[in-house]
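Descriptive analysis of the structure
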Amino acid sequence: MSTENTPTALTNTSPGLHSAWHPVLRSADLLHNAPQRVVLLGEPYVLTRINNTLTAFVDKCPHRNARLSDGCVVGEHLQCPYHGWEFTTQGDVAHVPALGKGATLPPHTALSSARVVEKYNLVWLAPEEPVTNIINISEWNDASLRHVWLEPITIKAAAAQFIDNFLDFGHFPFVHAGTFGSGEDANIHEYSVEKDESGWGFVVNYEHTIENNEDPLVATGEHPLVQPRIMRYEFTAPFSCNLRLELPTTGMVNAIVTFCQPIDNNTTCLYSVMLRNDCPTDALAQAAAAYEMDILAEDLKVIEGLYDKIVPLERGQIHTRADRNTVEFRRIMQRLLSANIPS
Ligand code: FES
Ligand SMILES: [Fe+2]
(Lines give C-alpha, C1' and ligand atoms only; values in the text may rest on other atoms or scores of the structure.)
(Ligands and ions follow the chains in the order given, each with its own letter.)
Protein backbone atom coordinates (compact mmCIF):
# COMPACT_ATOMS: atom_id res chain seq x y z
CA MET A 1 0.00 0.00 0.00
CA SER A 2 3.00 2.25 0.65
CA THR A 3 4.23 4.27 -2.31
CA GLU A 4 6.89 6.89 -2.68
CA ASN A 5 4.19 9.53 -2.67
CA THR A 6 2.51 8.34 0.52
CA PRO A 7 3.04 10.92 3.28
CA THR A 8 5.03 9.36 6.10
CA ALA A 9 4.44 11.95 8.80
CA LEU A 10 1.78 14.41 9.84
CA THR A 11 2.88 17.88 10.90
CA ASN A 12 1.06 21.16 11.49
CA THR A 13 2.00 22.29 7.98
CA SER A 14 1.39 19.12 5.95
CA PRO A 15 0.07 20.36 2.57
CA GLY A 16 -2.96 18.03 2.59
CA LEU A 17 -4.36 19.98 5.55
CA HIS A 18 -5.20 22.82 3.16
CA SER A 19 -8.24 20.84 1.97
CA ALA A 20 -10.04 20.96 5.30
CA TRP A 21 -11.77 23.34 7.69
CA HIS A 22 -9.81 24.68 10.66
CA PRO A 23 -10.86 26.99 13.49
CA VAL A 24 -8.80 30.18 13.52
CA LEU A 25 -10.51 32.60 15.93
CA ARG A 26 -13.40 33.02 18.34
CA SER A 27 -16.26 34.77 16.51
CA ALA A 28 -16.48 37.30 19.33
CA ASP A 29 -12.88 38.33 18.67
CA LEU A 30 -13.61 39.36 15.07
CA LEU A 31 -15.01 42.85 15.40
CA HIS A 32 -16.80 44.79 12.70
CA ASN A 33 -14.46 46.80 10.48
CA ALA A 34 -11.32 45.69 12.36
CA PRO A 35 -8.99 43.48 10.27
CA GLN A 36 -7.66 40.57 12.28
CA ARG A 37 -4.52 38.54 11.59
CA VAL A 38 -4.56 34.77 12.12
CA VAL A 39 -1.98 32.13 11.27
CA LEU A 40 -2.96 28.71 9.97
CA LEU A 41 -0.69 25.94 8.67
CA GLY A 42 2.23 28.35 8.88
CA GLU A 43 0.56 30.98 6.68
CA PRO A 44 -0.89 34.34 7.73
CA TYR A 45 -4.42 35.38 6.77
CA VAL A 46 -6.39 38.55 7.33
CA LEU A 47 -10.01 38.23 8.42
CA THR A 48 -12.53 41.03 8.12
CA ARG A 49 -16.19 41.46 8.99
CA ILE A 50 -17.55 44.25 6.78
CA ASN A 51 -21.31 44.86 6.78
CA ASN A 52 -21.79 41.31 8.06
CA THR A 53 -19.74 39.87 5.21
CA LEU A 54 -16.95 37.68 6.46
CA THR A 55 -13.76 37.54 4.37
CA ALA A 56 -10.42 35.74 4.59
CA PHE A 57 -7.44 36.62 2.43
CA VAL A 58 -3.79 35.75 2.47
CA ASP A 59 -2.31 38.52 4.60
CA LYS A 60 -0.10 39.96 1.89
CA CYS A 61 -0.79 42.93 -0.36
CA PRO A 62 -0.01 42.11 -4.01
CA HIS A 63 1.62 45.53 -4.46
CA ARG A 64 4.63 45.41 -2.10
CA ASN A 65 3.68 42.54 0.23
CA ALA A 66 2.58 44.63 3.20
CA ARG A 67 0.48 43.07 5.95
CA LEU A 68 -3.14 43.88 5.13
CA SER A 69 -4.06 43.05 8.71
CA ASP A 70 -2.22 46.21 9.77
CA GLY A 71 -4.58 48.19 7.53
CA CYS A 72 -8.11 49.32 8.15
CA VAL A 73 -11.61 49.28 6.71
CA VAL A 74 -12.61 52.30 4.63
CA GLY A 75 -16.26 52.27 3.68
CA GLU A 76 -16.76 48.71 2.46
CA HIS A 77 -13.13 48.20 1.48
CA LEU A 78 -10.07 46.76 3.15
CA GLN A 79 -7.29 49.34 2.86
CA CYS A 80 -3.60 48.40 2.79
CA PRO A 81 -1.52 50.34 5.35
CA TYR A 82 1.42 50.95 2.98
CA HIS A 83 0.12 52.84 -0.10
CA GLY A 84 -3.56 52.81 0.62
CA TRP A 85 -4.77 50.43 -2.07
CA GLU A 86 -8.36 49.40 -1.37
CA PHE A 87 -9.88 45.97 -1.94
CA THR A 88 -13.51 44.84 -2.14
CA THR A 89 -14.92 42.02 -0.02
CA GLN A 90 -14.38 39.83 -3.11
CA GLY A 91 -10.68 40.73 -3.00
CA ASP A 92 -10.64 42.86 -6.17
CA VAL A 93 -8.67 46.07 -6.18
CA ALA A 94 -11.09 49.01 -6.07
CA HIS A 95 -8.87 52.04 -5.67
CA VAL A 96 -5.18 52.94 -6.07
CA PRO A 97 -4.70 56.39 -4.48
CA ALA A 98 -1.48 57.10 -6.39
CA LEU A 99 -3.37 56.83 -9.70
CA GLY A 100 -6.31 59.03 -8.73
CA LYS A 101 -10.03 58.40 -9.07
CA GLY A 102 -11.28 56.71 -12.26
CA ALA A 103 -7.82 55.45 -13.24
CA THR A 104 -7.37 52.16 -15.03
CA LEU A 105 -6.46 49.72 -12.29
CA PRO A 106 -3.59 47.29 -12.68
CA PRO A 107 -4.61 43.78 -13.76
CA HIS A 108 -4.05 40.60 -11.73
CA THR A 109 -4.36 42.35 -8.40
CA ALA A 110 -7.08 40.26 -6.75
CA LEU A 111 -6.25 39.08 -3.27
CA SER A 112 -5.80 35.38 -2.68
CA SER A 113 -8.91 34.31 -0.77
CA ALA A 114 -9.76 31.38 1.49
CA ARG A 115 -13.14 29.86 2.31
CA VAL A 116 -14.49 31.13 5.61
CA VAL A 117 -17.57 30.32 7.74
CA GLU A 118 -18.71 30.65 11.35
CA LYS A 119 -19.82 27.67 13.38
CA TYR A 120 -19.81 26.79 17.08
CA ASN A 121 -18.93 30.41 17.98
CA LEU A 122 -15.71 30.12 15.99
CA VAL A 123 -14.44 31.35 12.64
CA TRP A 124 -13.37 28.46 10.40
CA LEU A 125 -11.09 28.74 7.41
CA ALA A 126 -10.29 26.33 4.55
CA PRO A 127 -7.35 27.42 2.36
CA GLU A 128 -8.49 25.11 -0.47
CA GLU A 129 -11.74 23.34 -1.37
CA PRO A 130 -12.40 21.20 1.73
CA VAL A 131 -12.97 17.48 1.32
CA THR A 132 -14.26 17.13 4.88
CA ASN A 133 -17.11 18.78 6.75
CA ILE A 134 -16.84 20.53 10.10
CA ILE A 135 -17.65 18.09 12.91
CA ASN A 136 -21.30 17.65 13.84
CA ILE A 137 -21.86 18.13 17.58
CA SER A 138 -25.22 16.48 18.27
CA GLU A 139 -25.41 17.94 21.81
CA TRP A 140 -24.87 21.54 20.67
CA ASN A 141 -28.50 22.68 20.89
CA ASP A 142 -29.48 20.47 23.84
CA ALA A 143 -31.03 22.94 26.28
CA SER A 144 -30.24 20.70 29.26
CA LEU A 145 -26.50 21.17 28.72
CA ARG A 146 -24.64 24.31 29.71
CA HIS A 147 -21.82 25.47 27.43
CA VAL A 148 -18.72 25.91 29.58
CA TRP A 149 -15.90 27.32 27.45
CA LEU A 150 -12.25 27.17 28.37
CA GLU A 151 -10.04 30.05 27.30
CA PRO A 152 -8.23 29.27 24.01
CA ILE A 153 -4.87 27.73 24.85
CA THR A 154 -1.73 27.82 22.73
CA ILE A 155 0.38 24.72 23.16
CA LYS A 156 3.85 23.76 21.97
CA ALA A 157 2.85 20.60 20.16
CA ALA A 158 1.34 19.48 16.87
CA ALA A 159 -2.44 19.34 16.57
CA ALA A 160 -2.07 15.68 15.61
CA GLN A 161 -0.18 14.98 18.83
CA PHE A 162 -2.96 16.60 20.83
CA ILE A 163 -5.71 14.63 19.05
CA ASP A 164 -3.67 11.43 19.36
CA ASN A 165 -3.66 12.03 23.11
CA PHE A 166 -7.31 13.12 23.28
CA LEU A 167 -8.44 9.87 21.63
CA ASP A 168 -6.16 7.71 23.75
CA PHE A 169 -7.47 6.11 26.94
CA GLY A 170 -4.52 3.89 27.83
CA HIS A 171 -2.77 6.82 29.50
CA PHE A 172 -5.45 7.64 32.09
CA PRO A 173 -4.08 5.70 35.12
CA PHE A 174 -0.60 7.11 34.55
CA VAL A 175 -0.94 10.66 33.26
CA HIS A 176 -4.13 11.41 35.20
CA ALA A 177 -3.27 9.77 38.51
CA GLY A 178 -3.57 13.21 40.12
CA THR A 179 -7.15 13.83 38.91
CA PHE A 180 -9.49 11.08 37.71
CA GLY A 181 -7.16 8.23 36.67
CA SER A 182 -8.04 5.03 38.44
CA GLY A 183 -5.27 2.48 38.96
CA GLU A 184 -7.85 -0.28 38.50
CA ASP A 185 -8.38 0.85 34.91
CA ALA A 186 -5.03 0.05 33.31
CA ASN A 187 -6.19 -2.97 31.34
CA ILE A 188 -7.85 -1.88 28.09
CA HIS A 189 -10.58 -4.33 27.11
CA GLU A 190 -11.77 -5.04 23.58
CA TYR A 191 -13.47 -2.21 21.74
CA SER A 192 -14.37 -1.42 18.19
CA VAL A 193 -14.00 1.63 15.99
CA GLU A 194 -17.00 2.48 13.81
CA LYS A 195 -16.25 4.66 10.80
CA ASP A 196 -18.81 7.34 10.10
CA GLU A 197 -20.65 7.61 6.78
CA SER A 198 -18.33 10.26 5.35
CA GLY A 199 -15.23 8.15 5.90
CA TRP A 200 -13.52 11.15 7.53
CA GLY A 201 -14.43 10.28 11.10
CA PHE A 202 -15.23 7.50 13.54
CA VAL A 203 -17.01 6.70 16.77
CA VAL A 204 -15.71 4.66 19.69
CA ASN A 205 -17.80 3.62 22.67
CA TYR A 206 -15.97 2.47 25.76
CA GLU A 207 -16.92 1.80 29.38
CA HIS A 208 -14.42 1.93 32.18
CA THR A 209 -13.95 3.23 35.74
CA ILE A 210 -12.61 6.49 37.10
CA GLU A 211 -12.01 8.15 40.42
CA ASN A 212 -14.79 10.72 40.55
CA ASN A 213 -13.24 13.60 42.44
CA GLU A 214 -15.95 15.99 41.23
CA ASP A 215 -18.74 14.11 43.06
CA PRO A 216 -19.52 15.74 46.45
CA LEU A 217 -21.30 12.58 47.63
CA VAL A 218 -18.00 10.69 47.62
CA ALA A 219 -16.87 12.63 50.72
CA THR A 220 -20.09 11.76 52.58
CA GLY A 221 -19.71 8.10 51.74
CA GLU A 222 -22.95 7.97 49.74
CA HIS A 223 -21.09 7.27 46.51
CA PRO A 224 -17.94 5.22 45.95
CA LEU A 225 -14.83 7.06 44.72
CA VAL A 226 -14.32 4.62 41.85
CA GLN A 227 -17.31 4.86 39.54
CA PRO A 228 -18.21 3.45 36.11
CA ARG A 229 -18.01 5.87 33.20
CA ILE A 230 -19.39 5.53 29.67
CA MET A 231 -17.32 7.28 27.03
CA ARG A 232 -18.19 8.00 23.42
CA TYR A 233 -15.52 9.49 21.21
CA GLU A 234 -16.58 11.14 17.98
CA PHE A 235 -13.66 12.19 15.79
CA THR A 236 -13.82 14.19 12.57
CA ALA A 237 -10.75 14.95 10.47
CA PRO A 238 -8.58 16.75 10.72
CA PHE A 239 -8.51 17.85 14.36
CA SER A 240 -11.94 17.93 16.02
CA CYS A 241 -13.20 15.57 18.68
CA ASN A 242 -16.25 15.27 20.92
CA LEU A 243 -15.78 13.09 23.99
CA ARG A 244 -19.14 12.47 25.63
CA LEU A 245 -18.88 11.24 29.20
CA GLU A 246 -21.75 9.78 31.19
CA LEU A 247 -21.57 8.81 34.84
CA PRO A 248 -24.49 6.52 35.74
CA THR A 249 -23.81 6.93 39.48
CA THR A 250 -24.45 10.69 39.43
CA GLY A 251 -26.39 11.13 36.16
CA MET A 252 -23.76 13.54 34.87
CA VAL A 253 -23.43 14.18 31.13
CA ASN A 254 -20.37 16.06 29.91
CA ALA A 255 -19.53 16.35 26.21
CA ILE A 256 -15.99 17.72 25.96
CA VAL A 257 -15.44 19.19 22.53
CA THR A 258 -12.02 20.29 21.32
CA PHE A 259 -11.19 21.95 18.01
CA CYS A 260 -7.51 22.43 17.12
CA GLN A 261 -5.92 25.19 15.05
CA PRO A 262 -2.55 24.10 13.63
CA ILE A 263 -0.78 27.47 13.72
CA ASP A 264 2.74 26.57 12.65
CA ASN A 265 5.14 23.66 13.00
CA ASN A 266 5.62 24.25 16.72
CA THR A 267 2.31 25.67 17.86
CA THR A 268 -1.35 24.71 18.11
CA CYS A 269 -4.30 26.60 19.53
CA LEU A 270 -6.99 24.61 21.35
CA TYR A 271 -10.61 25.75 21.50
CA SER A 272 -12.46 23.66 24.07
CA VAL A 273 -16.00 23.69 25.37
CA MET A 274 -17.79 21.35 27.76
CA LEU A 275 -21.51 20.75 27.32
CA ARG A 276 -22.61 19.70 30.80
CA ASN A 277 -25.81 19.01 32.69
CA ASP A 278 -24.29 19.48 36.14
CA CYS A 279 -23.31 23.16 36.09
CA PRO A 280 -26.45 25.18 36.84
CA THR A 281 -24.48 27.98 38.53
CA ASP A 282 -21.52 30.10 37.43
CA ALA A 283 -19.53 28.85 40.41
CA LEU A 284 -20.04 25.22 39.38
CA ALA A 285 -19.14 26.06 35.77
CA GLN A 286 -15.93 27.77 36.91
CA ALA A 287 -15.03 24.84 39.14
CA ALA A 288 -15.63 22.42 36.26
CA ALA A 289 -13.46 24.52 33.93
CA ALA A 290 -10.68 24.69 36.53
CA TYR A 291 -10.78 20.91 37.00
CA GLU A 292 -10.63 20.39 33.23
CA MET A 293 -7.61 22.70 33.07
CA ASP A 294 -5.91 20.56 35.73
CA ILE A 295 -6.53 17.48 33.58
CA LEU A 296 -5.26 19.29 30.48
CA ALA A 297 -2.11 20.36 32.33
CA GLU A 298 -1.40 16.70 33.07
CA ASP A 299 -1.71 15.89 29.36
CA LEU A 300 0.37 18.86 28.22
CA LYS A 301 3.21 17.85 30.50
CA VAL A 302 3.58 14.75 28.32
CA ILE A 303 2.47 16.08 24.93
CA GLU A 304 4.71 19.13 24.89
CA GLY A 305 7.67 16.91 25.76
CA LEU A 306 7.12 14.43 22.92
CA TYR A 307 9.98 14.11 20.46
CA ASP A 308 9.49 16.21 17.34
CA LYS A 309 6.22 17.94 16.49
CA ILE A 310 4.95 15.17 14.25
CA VAL A 311 2.85 12.04 14.24
CA PRO A 312 4.48 9.32 12.13
CA LEU A 313 1.99 7.72 9.75
CA GLU A 314 3.90 4.65 8.66
CA ARG A 315 6.94 3.60 10.65
CA GLY A 316 8.54 4.74 13.86
CA GLN A 317 5.86 3.74 16.39
CA ILE A 318 4.55 0.46 17.75
CA HIS A 319 0.81 -0.10 17.94
CA THR A 320 -1.15 -2.62 20.04
CA ARG A 321 -4.80 -3.66 20.01
CA ALA A 322 -5.39 -1.02 22.70
CA ASP A 323 -4.44 1.68 20.17
CA ARG A 324 -7.15 0.84 17.63
CA ASN A 325 -8.70 4.32 17.61
CA THR A 326 -5.44 6.21 17.28
CA VAL A 327 -4.41 3.85 14.47
CA GLU A 328 -7.68 4.67 12.69
CA PHE A 329 -6.91 8.38 13.22
CA ARG A 330 -3.60 7.85 11.41
CA ARG A 331 -5.29 5.99 8.53
CA ILE A 332 -7.81 8.78 8.00
CA MET A 333 -5.14 11.46 8.15
CA GLN A 334 -2.94 9.59 5.71
CA ARG A 335 -5.87 9.56 3.26
CA LEU A 336 -6.40 13.27 3.77
CA LEU A 337 -2.73 14.01 3.19
CA SER A 338 -2.83 11.85 0.07
CA ALA A 339 -5.88 13.88 -1.04
CA ASN A 340 -7.77 10.69 -1.76
CA ILE A 341 -11.53 10.64 -1.44
CA PRO A 342 -12.41 7.90 1.05
CA SER A 343 -14.19 4.85 -0.26
S1 FES B 1 1.99 47.37 -0.34
FE2 FES B 1 -0.13 47.49 -0.23
S3 FES B 1 -0.62 49.29 -1.25
FE4 FES B 1 1.51 49.13 -1.49
FE1 LIG C 1 -5.45 12.78 28.93
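Residues numbered from 1 in each chain as written. Chains lettered and ligands numbered in written order. Predicted model: local features only at pLDDT ≥ 70, side-chain atom pairs only at ≥ 80, totals over all residues.

**Some thoughts on the nonpolar core**
Ranked by internal contacts, the top residues of the largest apolar core, which has 61 residues, are Tyr45, Leu47, Val123, Leu125, Phe162, Ile163 and Met333. The leading source of residues in this core is helix H1 (residues 159-167), at 6 residues. Two domains share this core, each providing at least three of its residues, namely domain 1 (21-126) and domain 2 (146-337). Not counting residues within four places of it along the chain, the set of residues in contact with Leu47 comprises Leu25, Leu30, Gln36, Val38, Thr55, Ala56, Val116 and Val123. With 11 residues, the next largest nonpolar core counts Val257, Val273, Leu275 and Ala288 among its residues. (Core = buried A, V, L, I, M, F, W, Y, C linked by C-beta atoms within 7 Å. Buried ≥ 20, exposed ≤ 12 C-beta atoms within 10 Å, placed from the backbone. Helix = DSSP H or I, 4+ residues; strand = E, 2+ residues; numbered from the N terminus. Domains from an automatic or database assignment. Contact = placed C-beta atoms within 7 Å.)

**Here we look at the sheet that holds strand E4 (residues 43-50)**
Judged by pairing direction, the sheet is antiparallel, and its 3 strands sit side by side in the order E3-E4-E5 without closing on themselves. Each of the sheet's edge strands pairs with one partner strand only, and the pair in question is strand E3 (36-40) and strand E5 (53-58). When the angles between neighbouring strand axes are averaged without regard to direction, this sheet yields 30 degrees. Direction of pairing for E4 relative to E5: antiparallel, over a ladder of 6 bridges. Within the sheet, the bridge partner assigned to Thr48 lies in E5 and is Thr55. (Pairing = 2+ DSSP bridges. Axes fitted to C-alpha atoms, helices over the stretch in contact; angles between N-to-C directions.)

**Focus on the sheet that holds strand E11 (residues 122-126)**
With respect to topology, 3 strands assemble into an open sheet ordered E2-E11-E10, the strand pairing being antiparallel. Looking at which strands have only one partner, the edges of the open sheet turn out to be strand E2 (22-26) and strand E10 (115-119). On average, each strand axis in the sheet is tilted by 30 degrees relative to the strand beside it, whichever way the strands run. Bridge count for E10 against E11 is 5 bridges, and the pairing is antiparallel. Considered in E11, the bridge of Lys119 is made with Leu122.

**What about the environment of Val123?**
Structurally, the position occupied by Val123 is in strand E11. For Val123, a count of 23 C-beta atoms within 10 Å puts it in the buried group. Distance from Val123 to Ser27, taken between C-alpha atoms, is 5.5 Å for residues 96 residues apart in sequence. Among residues more than four places away in sequence, those in contact with Val123 are Val24, Leu25, Ser27, Leu30, Leu47, Val116 and Glu118.

**Focus on helix H4 (residues 282-303)**
For H4, built from 22 residues, the straight-helix expectation of 32 Å at 1.5 Å per residue is met to within 8% by its first-to-last C-alpha distance of 30 Å. Looking only at H4, the buried set comprises Ala288, Leu296, Glu298 and Ile303. Viewed end-on, H4 has its buried residues packed into an arc of 150 degrees, placing them on one side of the element. Turned more than 90 degrees away from the buried face of H4, the exposed residues are Asp282, Ala283, Gln286, Ala290, Ala297 and Lys301. At its buried positions, H4 is contacted by strand E12 (146-149), strand E13 (153-155), H1, helix H2 (172-175) and strand E19 (267-276). (Expected span 1.5 Å × (residues − 1). Arc of directions from axis to C-beta.)

**Some details on the packing of H1 against helix H5 (residues 324-337)**
The geometry of H1 relative to H5 is characterised by a closest axis approach of 9 Å and an angle of 145 degrees between their N-to-C directions. Between H1 and H5 lies a crossing of right-handed hand. Contacts between H1 and H5 involve Ala160, Ile163, Asp164 and Leu167 from the first element and Asn325, Thr326, Phe329 and Met333 from the second. (Left-handed = near helix turned anticlockwise from the far one by under 90°.)

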